[in-house]
Amino acid sequence: MVNKMMFVLLKQLVKKPATNPFPVKHAPANVTALIEKVQKGEAQINPPVPVPEGFRGKLLYDPERCIGCRLCIMVCPADAMEWIPELKKIRHYVSRCMFCALCVDVCPGKKFPGEEKAVKALRMSEEFLIADYDKYSDNLIEEPPEAKEPFKKEVKDAAESEG
Ligand code: SF4
Ligand code: SF4
């Protein structure tokens, strides 16, 4: 019994490891330095494990396709959507989202002339590497471009008044 176990263990020793070394083979001592190296083409990132079909990653919003029906706001269980009354569009907070896709299911979207059917204004992407230092970073807020500047100022003023 012991001999058989030893044999199995020894066999494992010569087998290739089953782990996926992401982002590089050994954990980098300095992530910023690694990113700089990758940008200069001096290092390569080992890709993460591929996502399956239908994966629910970061939600993307196309304001051009939004008809302002507010259905997404009504169904969102995480309160991750905000109504922008002056634009009649929405703002999506990725940091609040729980990736349930209820809003995608309910979104009617818009049909442009010449198209056969409407295309939803919301869709789940395959993006999941979305860690950030700031929950209000551009990467974590989906909104029409014309809403960006006033909103940024609002957030900055609120942060300053909080001290
Ligand atoms: S995916 Fe779910 S939690 Fe995220 S915004 Fe849509 S309804 Fe809300
Ligand atoms: S994103 Fe879709 S569901 Fe939400 S307001 Fe726009 S059209 Fe309606």
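Please read these numbers as outputs of a predicted model, since none were measured by experiment.

## Structural notes on the domain arrangement of the chain
One can read the domain layout of the chain as domain 1 (17–47) and domain 2 (58–162). On a C-alpha basis, the centres of domain 1 and domain 2 stand 31 Å from each other.

## Some details on the pattern of salt bridges
For the structure on display, the rule yields five salt bridges. With a shortest N-O distance of 2.6 Å, Arg91 and Glu143 are connected by a salt bridge. Of this pair, Arg91 sits in strand β3 (residues 89–93) while Glu143 sits in the loop between β5 (141–142) and α5 (145–162), and the two are 52 residues apart along the sequence. Grouping residues by exposure puts Arg91 and Glu143 together as buried. Linking Asp157 and Lys153 is a salt bridge whose minimum nitrogen-to-oxygen distance equals 2.8 Å. Residue Asp157 and its partner Lys153 are both found in helix α5; the two are separated by four residues, about one turn of the helix. Classification of Asp157 by relative accessible area gives partly exposed; the value is 34%. You can call Lys153 exposed: its relative accessible area is 53%. The network of salt bridges with common partners includes Glu82, Arg91 and Glu143.

## Regarding the site of ligand 1
Residues in contact with ligand 1 amount to 13 residues; listed here are only the nearest, Cys76, Cys97, Cys100, Ala101 and Cys103. Split into classes, the residues belonging to the shell around ligand 1 amount to twelve nonpolar, one polar and no charged.

## Some points on the sheet that holds β3
Consider a sheet: its strands pair through backbone hydrogen bonds, and that pairing is either parallel or antiparallel. Taken together, the three strands give an open sheet; going across it, the order is β2-β3-β5, and neighbouring strands pair in antiparallel fashion. Each edge of the open sheet is held by one strand with a lone partner, namely β2 (81–84) and β5. Bridge count for β2 against β3 is four bridges, and the pairing is antiparallel. Looking at the pairing, Met81 lines up with His92 of β3.

About the cut-offs
Each chain has its residues counted from 1, following the order in which its sequence is written. The order in which chains are written sets their letters, starting at A; the order in which ligands are written sets their numbers, starting at 1. Residue-level local features of this predicted model are given only where pLDDT is at least 70; pairs of side-chain atoms are given and counted only at 80 or more, and the full residue set underlies all totals for whole chains, interfaces and linings. Water and hydrogen atoms play no part in the side-chain values, which are based on all heavy atoms of the structure. Source of the domain bounds: an automatic or database domain assignment. In the sections that follow, a salt bridge refers to a side-chain nitrogen of Lys or Arg positioned within 4 Å of a carboxyl oxygen of Asp or Glu. A helix here means a DSSP run of H or I that spans at least four residues, while a strand means a run of E at least two residues long, and both kinds are numbered starting from the N terminus. Each residue's exposure class comes from its accessible area (1.4 Å probe, protein chains only) as a fraction of the maximum for that residue type: buried when under 20%, exposed when over 50%, partly exposed otherwise. By convention in these notes, a residue is near a molecule or strand provided one of its non-hydrogen atoms lies within 4 Å of it. Residues are grouped as follows: Ala, Val, Leu, Ile, Met, Phe, Trp, Tyr, Cys and Pro are nonpolar; Asp, Glu, Lys and Arg are charged; every other residue, Gly included, is polar. Paired strands are those between which DSSP finds at least two bridges.

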